[in-house]
Structure formats: C-alpha cells, structure tokens
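A look at the structure
One-letter residues, chain by chain:
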Amino acid sequence: MKRFDDKVVLVTGGGGAIGSAALRRFAEEGAKVAVVDLDAARAMEVASALGDRALAITADVADETQANDAVAKTVATFGRLDAVFNNAGISGGPGTPETTTVENWQHVQAINSEGVFLGCKYAIKGMKQTGADKPQSGGSIVNISSVAGLVGGAGPTAYTASKGAVRLLSKSVALYCAEQRNGIRCNSVHPGGVDTAIFNPLWQTVGHEQGKAFIGSRHPIGRMAEPEDLGELVLWLASDRSRFVTGAEFTADGGLTAGLLRRSLLAPS
Amino acid sequence: MPRLENKVVLLSGGASGIGAETARQVVREGGRAVLADRDEAKGRALAAELGAAAHFVPLDVTQEASWQAAVAATVERFGALHGLLNAAGIGVRNSIEDCTLEEYRRVNDVNSLGTFLGCKTAIPAMKDAGGGSIVNISSVLGLRGAAYAMAYCASKGAVRTLTKNVALHCAQMKYNIRCNSVHPGYIDTPMIAPRLEQSDGNMSGRQSLEDMHPLGRLGRADEVASMILFLLSDESTFSTGSEFVCDGGLTA
C-alpha cells in the first residue's frame, strides 16, 4: 500500500515548478490530486500528465469565491480532502523599504498572505466534509513560507513581510485546529533558493546556469534546491507519518539560515 | 545627560497605551515627541500636558499621504526626525474559521502595512538628519501563534521580518538608521481591555492572563517604553534587525 492511496491532495500553484514536482510525487504515492493554478493551460498540462487521478482547476488563490470553489470542486470530484499544499506565491519583483509601493505591497500580500489565509480557511472546510468514507475529519495543511519568513535579507520587502505573516498564520491555524480536536494539522515550510520561475528576472540578466551557480554558492551546501528536493518534505508533512507534527516550521535551505548569513544573499554584485 | 537629548521622535499610536507612555519618557529624557494618532482629542490633550517638547499630528497609518504629512509636520515643528516608534495597532479576536477576508485585511493593513509605511516615510527624513532609530512594535504573537488571534499573529509575524528587512537595507545603504522590533507580552493597556472581560473557567480574564506570565502579572506600558527608549537612544547603536522581548517570561 502506498502512502497516499485513497487520499486526496490539493496543491495551489500546481502549475509551477515546486507545485508540479510535489504533485508528481503525490500521484506516484497513490494520491488523487487537484492541480490548482491561475494559468489554466499550465494546470491542464500538469494534470493531464498525471492521468485520470488528476483534476485541473483554474483559480486565483487571492479570490475568496475561487478559493472556496477550488476546494468544493475537489471534494465534489474525489469525495474527500486529506491534504492541502498552499504553494502559490509571487516575489513581487525587486523592492526595498524605500522603493516598494503600496500597490505592490497589497498585491504581494493578497497572493502570499491572504491567499494562504483563504487556502487554510477553505481547506479546513473541505477536510471537515467527511462523507461516508471519511468517518472523521483530519488532514494536513502545508503552507509555503520561505527563508524570507525567518530572516530579513532573503527577499524583497513586501515578500519578506508576507512570508513572516505565513509563518505565524500557520502556527495559529495549527493551535486552533488542535484545540478543536478536528485532527487537522498545519505546518510551514521555508525553502532557500529553489530553481523556479521566481528567479526568472535574474536568469534573464545573468543566464540560468550562471545565476544558479551564483545563488548556489551562497548556500552552505553549495547549490540551489531543485523543486523535487522540496517535494519530499511536503509529502512527509502531508502524510500521516508526521501525525504528531503541527504548528512547526521546516527549513529546507541547504544550510542557509543555520549560520551567519553573508550580507548580500541573493543580489549578484 | 538625558538619554534622548534633542532627539525628535515620531510616535504612531502616540495618544494611548505604549505609544503615550513612550512619549512621556521621550520628553522626560530631553527629547521631542510628536504624537501621531487617529484619536485627535486624546492626542491633543496629551501633547498639551507634555508642553512645548510635544506636538500632535493626526495620522491614519494605512494612508501613505497621511504619513508624509506627519513626517513633514515633525520636521517643520522640531527641525529633524531621529526616531520613529510604530506603536499603532489593533487586536482582533478571530480564528481561521471565523475570520473574514475583510477583517484579515483590516488587521494586516493597520499593523503591517501601517508599520511599513512608517518606515518608508521616515527613512528619507532620518537620512537628512544623519541617521536614526526605528522601533516597530510586534508582539509575543509575532513569535508564537495563538488559536484566537490568527490575523493579529499574521500581522505581527510580518512586522518581525519587515523589521529585519528594513534594518538590513539601511545597513547596506550605510544610512546610519537602525530598526528593531519589540515583542511585548500582555501589557495593561486599552488594547487588551476586551481580553480582560473574558473569564476563563474559574479565573477572571485578568487572572488568567496574569497567570500565563511567569512573573505572575501583566506588563506595564512604562516597562515596554523603557525598552523602547533604550532602542531609540544612542545606548543601542550596535543593535539592528533584532527582536527585543518584554514579556515577563511568557515565551521562555
């Protein structure tokens, strides 16, 4: 029996590198999956590669109706919901405390912070719809934060604030669900540099390989993470194997925040 | 020598609670305090009580133009800006299940966007002054979660990392501007009045909150203000991007 046989997993940002890598692993382990993405074509592409156990859903995580509908469609299609990976996020582009506009701030918070808030709220709603084959509620919510949710020099200003919000939001959700005894757990993951489209502006400036080598050199482990590196951690947190784990933060950053950071973490000089 | 001699400090939320107490101590220690608050009546009354070293400006922390006017008024009145305290904040009781998107946004707008705008607006004025110190009020709930303070926790977690981002940016740019966060436990201020009403089993709201703190009591605004004064003053010139906890042992 595989880890996710008979389980239903929803992943936001499922069309992106981290989301699709996690989705492939969930599917390999037997899960039925909902691929949620703002980009309809990407959601469809990832879902069709995973076969008939995958459902593509086009949704904007920052829109409450669409966030609700994504969960409702998943439960309607697969009959239950066991795990949600709130993975959708944006960097918002470069921005310092001096240059960040209110508009940029609100846009980044809407997706990274409000999107995760809505993702948790409707995940809980979906997980509590137990159905005949799910006699009690339960489930696991995994929220993507970042090393930028731990330290101050790992991202743009609005992004850094949004990821700090996700870190604490996750703990509050965990404590609430624990108190409610609804069996739902919630944790945050904090990746360092992962080779994803979030770095496209840098790749365009210095080239993919060179940029990757530069950022990799800033990590004690000597390289950036591949999207698959995150997938294993997410799978473990989403599975029952981590059943005593809630309200905790999981750093997967190649040692980046273990010691003293170099001053300029990401910006090539 | 007074600890804040000739330093000009702008305080959001300066009309009540931790902001008001800090304003009193700023003036007592030789500084100038500009009380910025939504509550004009209270703010003006306190400014009048503190005398010529204090001034009131109306402020809606969620509006950039309001911050720009407050900083301009500060520089016009006292000639410079050396210190900023972001103390304005709201506390709302909600859980992940009952919080609406509107409420989540409102709490984050005041506590987190408001603090960001304070930092953004103060930096140019502090550069003009040759440097400065920014103190952002986060909370123990910016370090630990709470089931019924979900939106508040998120906003204070944002303030914690925002503070570090501001600190590192200013350090990198060699602005001589420091930025630190203060994490109070439950302080006996108007903000926690609703919490004091909620009885918790056999204990009153006050008793149960007191009982949570290893020191066995609530904090006082003057105790937090004392820590803020240290951070605003030149006593703390090698501290930046750091978390200063004032919680009676709560998170220990």
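Provided above is the structure to which this section pertains.
Read on for an overview of the structure. (Residues numbered from 1 in each chain as written. Chains lettered and ligands numbered in written order. Predicted model: local features only at pLDDT ≥ 70, side-chain atom pairs only at ≥ 80, totals over all residues. Heavy atoms only, no water.)

Let's shift gears to the overall build of chain A. The helix and strand inventory of chain A stands at 8 helices and 7 strands. A principal-axis box enclosing the C-alpha atoms of chain A has dimensions of 60 × 40 × 35 Å. A separation of at least 24 residues holds for 67% of the contacts in chain A among residues at least 6 apart in sequence. Here chain A has roughly 10700 Å² of accessible surface; of this, 54% comes from carbon and sulfur atoms. In chain A, 26 side chains carry a positive charge and 27 a negative one; their mean positions are 6 Å apart. (Helix = DSSP H or I, 4+ residues; strand = E, 2+ residues; numbered from the N terminus. Contact = heavy atoms within 4.5 Å. Areas by Shrake-Rupley, 256 points an atom, 1.4 Å probe, with all protein chains shown as cover. Lys, Arg positive; Asp, Glu negative; His and termini not counted. Charge placed at Lys NZ, Arg CZ, Asp CG, Glu CD.)

Attention shifts here to the packing of helix α1 (residues 17-28) of chain A against helix α2 (residues 40-50) of chain A. Residue and element names in this part refer to chain A. Between α1 and α2, whose axes approach to 10 Å, the crossing angle comes to 25 degrees. Accordingly, the angle class assigned to the pair α1 and α2 is roughly parallel. Judged by the twist between their axes, the crossing of α1 over α2 is right-handed. Along the contact surface, α1 presents Ser20, Leu23, Arg24 and Ala27, while α2 presents Arg42, Val46 and Leu50. (Axes fitted to C-alpha atoms, helices over the stretch in contact; angles between N-to-C directions. Parallel < 35°, antiparallel > 145°, perpendicular 65-115°, else oblique. Left-handed = near helix turned anticlockwise from the far one by under 90°.)

Next up on the list: the pairing of strand β2 (residues 32-37) of chain B. All names here are of chain B. Burial of β2 is extensive: 5 of the 6 residues sit out of reach of the surface. In this sheet, β2 lies alongside strand β1 (residues 8-12) in parallel orientation, the contact comprising 5 bridges. Directly across from Val9, in β2, lies its bridge partner Ala33. Where the polypeptide runs from β1 across helix α1 (residues 17-28) and back to β2, its parallel neighbour, the crossover connection is right-handed. (Buried < 20%, exposed > 50% of the residue type's maximum accessible area, 1.4 Å probe, protein only. Pairing = 2+ DSSP bridges. Right-handed = clockwise from strand over helix to strand, strands pointing away.)

Residues and elements named next belong to chain A. A sheet is described by the order of its strands in space; here 7 strands give the open sequence β3-β2-β1-β4-β5-β6-β7, paired in parallel fashion. The open sheet has two free edges, formed respectively by β3 (54-58) and β7 (249-252), since each of these has just one partner strand. Direction aside, the axes of adjacent strands within the sheet are offset by 20 degrees on average. Where strand β2 (residues 32-37) meets β3, 5 bridges bridge the pair, whose relative direction is parallel.

Attention now goes to the packing of aromatic side chains. Overall, the coordinates contain 7 aromatic pairs over all chains when judged by the stated rule. Here the aromatic rings of Trp105 of chain A and Phe116 of chain B are separated by 4.5 Å at their centres, their planes lie at 5 degrees, and the arrangement is stacked. In this pair, Trp105 of chain A is assigned in helix α4 (residues 102-128) and Phe116 of chain B in helix α4 (residues 101-128), connecting two distinct chains. Exposure remark for Trp105 of chain A: the relative accessible area of 1% places this residue in the buried category. Sitting over the ring of Tyr148 of chain B, Arg93 of chain B keeps its end group 4.7 Å from the ring centre. (Phe/Tyr/Trp six-rings, centres within 6.5 Å; stacked < 30°, edge-to-face > 60°. Lys NZ or Arg CZ within 6 Å of the ring centre and 35° of its normal.)

Right, let's talk about the nonpolar core for a bit. Membership of the largest hydrophobic core comes to 79 residues, with the highest contact counts inside it found for Phe117, Ile141, Leu169 and Val173 of chain A together with Leu10, Ile96 and Ile134 of chain B. Excluding anything up to four places from it in sequence, Ile141 of chain A contacts Val84, Asn86, Cys120, Ala123, Ile124, Met127, Val173, Ile184, Arg185, Cys186 and Asn187 of chain A. (Core = buried A, V, L, I, M, F, W, Y, C linked by side-chain atoms within 4.5 Å.)

This part covers helix α5 (residues 150-172) of chain B. Residues and elements named next belong to chain B. Taking 1.5 Å as the rise per residue, α5 with 23 residues should run 33 Å; its terminal C-alpha atoms sit 33 Å apart, in good agreement. Taking burial as the measure, the 23 residues of α5 include 20 buried ones, the bulk of the element. Positioned one or two residues after α5, Lys174 has a phi angle of 55 degrees, which is positive. (Expected span 1.5 Å × (residues − 1).)

Turning next to the side chain of Arg80 of chain A. Positionally, Arg80 of chain A belongs in the loop between α3 (64-78) and β4 (83-86). From its side chain, Arg80 of chain A meets the backbone oxygen of Asp6 of chain A in a polar contact 3.4 Å long. (Polar contact = N/O pair within 3.5 Å; in protein donor to acceptor, adjacent residues only side chain to side chain.)

It is worth spelling out the interface of chain A and chain B at this point. Contact residues are listed per partner, giving 42 residues for chain A and 41 residues for chain B. Surface buried jointly by chain A and chain B totals about 3400 Å² across both partners, of which 59% is contributed by carbon and sulfur atoms. One can count 3 salt bridges joining chain A with chain B. Going through the elements one at a time, α4 and α5 (157-180) of chain A are the ones with two or more residues in the side of chain A that touches chain B. Element by element, the count of residues in the side of chain A that touches chain B is highest for α5 of chain A, at 15 residues. The residue inventory of the side of chain A that touches chain B, partitioned by class, reads 19 nonpolar, 14 polar and 9 charged. (Buried area = accessible area lost by both parts, 1.4 Å probe. Salt bridge = Lys/Arg side-chain N within 4 Å of Asp/Glu carboxyl O. Nonpolar A, V, L, I, M, F, W, Y, C, P; charged D, E, K, R; others polar.)

The buried fraction of β1 of chain B is high, at 5 of 5 residues. Burial along β1 of chain B is two-sided: Val8, Leu10 and Ser12 of chain B and Val9 and Leu11 of chain B, pointing in opposite directions, are all buried.

Quick look at the environment of Gly247 of chain A now. By secondary structure assignment, the location of Gly247 of chain A is in the loop between α8 (227-238) and β7. Put simply, Gly247 of chain A and Lys171 of chain A are 76 residues apart on the chain and 4.2 Å apart in space, counted from C-alpha to C-alpha.

Let us look at the sheet that holds strand β5 (residues 132-137) of chain B. Residue and element names in this part refer to chain B. If you trace the 7 strands from one edge of the open sheet to the other, you get β3-β2-β1-β4-β5-β6-β7, paired in parallel fashion. For this open sheet the edge positions go to β3 (54-58) and β7 (243-246), each flanked by a neighbour on one side alone. The mean inter-strand angle of the sheet, taken between neighbouring strand axes irrespective of direction, is 20 degrees. One ladder, built from 4 bridges, connects β1 with strand β4 (residues 83-86); its direction is parallel. Among the inter-strand pairings, Ser12 is bridged to a residue of β4, identified as Asn86. Set on the sheet, α5 makes contact with β5, β6 (177-184) and β7; between it and β6 the angle comes to about 160 degrees.

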